[in-house]
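Residues per chain, in single letters:
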Amino acid sequence: MNELPQQLVNGLLLGSMYGLVAIGYTMVYGIVQLINFAHGEIFMTGAFGALTVYVYILPDGTSMLVALPLMIVGAVIVSVTVAVGAERFAYRPLRGAPRLAPLITAIGLSLALQQAIWAWYPEAKSARTFPQIDGGPFHIGNVTLQTGDIFVFTAAPISMGILAYFVMKTRTGRGMQATAQDPDTAKLMGVNTDRIIVIAFALGAVFAAVGGVAYGLEYGQIDFKMGFILGLKAFTAAVLGGIGNIYGAMIGGLVLGVAETLATAYIADVPGLDQFGSQSWADVWAFILLILVLLFRPQGLLGERVADRA
C-alpha cells in the first residue's frame with residue numbers, strides 16, 4: 001500500500017500519453033468515421049522531428065530550457081505535415097469508398113512511415129537516446145517525480161484545455177461539431193467540410209506530437225516501432241472513453257493507464273498469478289479492459305458522439 005500513490009502517479013503519466021494520442025483518433029473518427037491506424041506513426045514521427053531539431057539544427061550544448069520549445073515546434077511541424085499529407089493523398093481519394101479500403105490504406109501507411117523513419121535515421125534500427133531536462137528527482141511524500149513527469153502533467157491538461165476552448169468557443173470548432181453531426185447539412189450551411197477535416201487531422205497531429213515529446217522525456221529513448229503498440233492502446237483509450245468524444249478520449253487514456261499500471265504492479269503479488277504481473281502482460285491487461293467495457297458498456301464511459309449516418 002505504501003507504493004500505491006507512486007503507482008497511481010505512474011498510471012496517470014502513462015494514461016496522459018495515451019490520452020494525447022487518443023484525441024487524434026477520436027477527432028478524425030468523429031468527423032469522417034475513419035479509424036486512422038497510422039496515427040500511432042504520426043506520434044512516432046513527431047518524436048523524431050523533435051530529436052532532429054535537437055541533434056541537427058540546434059548548436060551543441062544548447063540548454064534544454066531553450067531547446068524544448070523549439071523541439072516541440074519541430075515535432076508539431078513534422079506530425080502535422082505527415083497527417084495533412086496523409087489526409088490529402090491517401091484518405092481523401094477514398095472518402096466515398098467502402099470502409100475497408102481506407103482501413104487497409106491506414107495500415108499500409110503505418111508500415112510505410114515506419115520504414116521511412118528507419119531509412120531516414122539509420123541509427124533508428126535501435127533505440128535513439130532522447131535529450132533530457134536537467135534537474136530532479138522531486139519527492140512529494142511517497143511519490144517521486146522526474147522532470148519528464150512534470151512535463152507530462154503540465155502538457156496534458158494545458159493541451160486539453162486549449163482543445164476544449166477551441167472546439168466550444170471558436171467558429172471553426174463549431175464547424176467541426178456541425179460536420180461531425182451531419183456533413184451534408186453543414187455543407188449546405190456554408191461550412192467548408194474539406195477544410196474542417198484537414199483541421200481535424202492537423203489538430204490530432206499536434207497532440208500526437210506533444211505526446212511524442214512527452215514519451216521521449218519520460219522514457220529517455222525513442223525508436224521507429226514505438227508508435228504501433230502505443231497507437232493501438234490510444235485507440236483502445238478512445239473506445240473506452242466513447243469514440244468521437246474528445247473528453248472521453250482523455251478520460252479513457254487515464255483509466256487505461258492506471259488500470260494497466262496497477263494490474264502490472266499488484267497481480268504479481270497474488271500467489272499463483274505472479275507470471276501474469278510481468279511487464280509483458282501489460283498489453284494483455286489493457287485489451288482485457290477494452291473487452292470488458294465493450295461487453296458491458298459498448299458506447300464507452302462517456303458515450304459516443306457520432307451521428308448515425310445510415
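Look a little higher up for the structure.
Here we summarise the structure given alongside this text. (Residues numbered from 1 in each chain as written. Predicted model: local features only at pLDDT ≥ 70, side-chain atom pairs only at ≥ 80, totals over all residues. Heavy atoms only, no water.)

Quick look at the nonpolar core now. Among the nonpolar cores identified, the biggest contains 83 residues, and Ile23, Tyr91, Leu163, Met176, Leu217 and Ile222 are the most heavily contacted of them. Contacts of Met176, omitting those with residues within four sequence positions, involve Met27, Ile31, Phe166, Ile196, Ile199, Ala200 and Leu203. (Core = buried A, V, L, I, M, F, W, Y, C linked by side-chain atoms within 4.5 Å. Buried < 20%, exposed > 50% of the residue type's maximum accessible area, 1.4 Å probe, protein only. Contact = heavy atoms within 4.5 Å.)

Judged by side-chain polarity, Val284, Ile288, Ile291, Leu292, Leu295 and Phe296 come together as a nonpolar surface patch covering roughly 580 Å² of accessible area. Tracing the sequence through the fold places Val284 in helix 11 (residues 282-296). Take Val284: its relative accessible area is 33%, and that puts it in the partly exposed class. (Patch = residues over 30% accessible without salt bridge, like charges linked within 9 Å, V, L, I, M, F, W, Y side chains within 5 Å. Areas by Shrake-Rupley, 256 points an atom, 1.4 Å probe, with all protein chains shown as cover. Salt bridge = Lys/Arg side-chain N within 4 Å of Asp/Glu carboxyl O. Helix = DSSP H or I, 4+ residues; strand = E, 2+ residues; numbered from the N terminus.)

Attention now goes to helix 11. Given 3.6 residues per turn, any residue in an α-helix points the same way as the ones three and four places further on. Relative to the 21 Å expected for 15 residues at 1.5 Å per residue, helix 11 spans 22 Å between its end C-alpha atoms, a close match to the ideal helical length. Taken residue by residue, helix 11 has Ala282, Ala286, Leu289, Leu290 and Val293 as its buried positions. The buried residues of helix 11 occupy an angular sector of 100° when the element is viewed end-on, so they sit on one face. Against the buried residues of helix 11 lie helix 9 (226-241) and helix 10 (246-266). (Expected span 1.5 Å × (residues − 1). Arc of directions from axis to C-beta.)

Attention now moves to the pattern of salt bridges. Tallied over the full model, the rule gives 4 salt bridges. One continuous salt-bridge network, built from bridges that share partners, spans Glu87, Arg92, Arg95 and Asp194.

Structurally, Thr62 is set in the loop between helix 2 (39-57) and helix 3 (64-91). Within the structure, the side chain of Thr62 is placed 2.6 Å from the backbone oxygen of Pro59, a separation counted as a polar contact. Every residue in contact with Thr62, bar those within four places of it in the chain, is listed here: Tyr54 and Ala67. (Polar contact = N/O pair within 3.5 Å; in protein donor to acceptor, adjacent residues only side chain to side chain.)

Before going further, it helps to examine the packing of helix 2 against helix 8 (residues 193-219). The geometry of a pair of packed helices is captured by two quantities: the angle between their axes and the separation between those axes. Helix 8 packs onto helix 2 with a crossing angle of 60° between their chain directions and a minimal axis gap of 7 Å. On the basis of the axis angle, helix 2 is oblique to helix 8. Note that helix 2 runs across helix 8; the crossing there is right-handed. In this structure, helix 2 uses His39, Ile42, Phe43, Gly46, Ala47 and Ala50 to contact helix 8, whose residues at the interface are Gly204, Ala205, Ala208, Ala209, Gly211, Gly212, Val213 and Tyr215. (Axes fitted to C-alpha atoms, helices over the stretch in contact; angles between N-to-C directions. Parallel < 35°, antiparallel > 145°, perpendicular 65-115°, else oblique. Left-handed = near helix turned anticlockwise from the far one by under 90°.)

This part covers the environment of Pro298. Relative to the helices and strands, Pro298 is located in the segment after helix 11. The exposure class of Pro298 is partly exposed, given its relative accessible area of 47%. Taking the C-alpha atoms as reference points, Pro298 and Leu240, separated by 58 residues in sequence, lie 8.4 Å from one another.

Next up on the list: the packing of helix 9 against helix 11. It is the contact of helix 9 with helix 11, at a shortest axis distance of 10 Å, that shows an interaxial angle of 25°. Viewed along their axes, helix 9 and helix 11 adopt a mutual orientation that is roughly parallel. Classified by chirality, the crossing of helix 11 by helix 9 is left-handed. Note on element contacts: helix 11 touches helix 9 through Ala282, Asp283, Ala286, Phe287, Leu289, Leu290, Val293 and Leu294, opposite Ile229, Leu232, Lys233, Thr236, Val239 and Leu240. Counted by class, the contact of helix 9 with helix 11 contains 11 nonpolar, 1 polar and 2 charged residues. (Nonpolar A, V, L, I, M, F, W, Y, C, P; charged D, E, K, R; others polar.)

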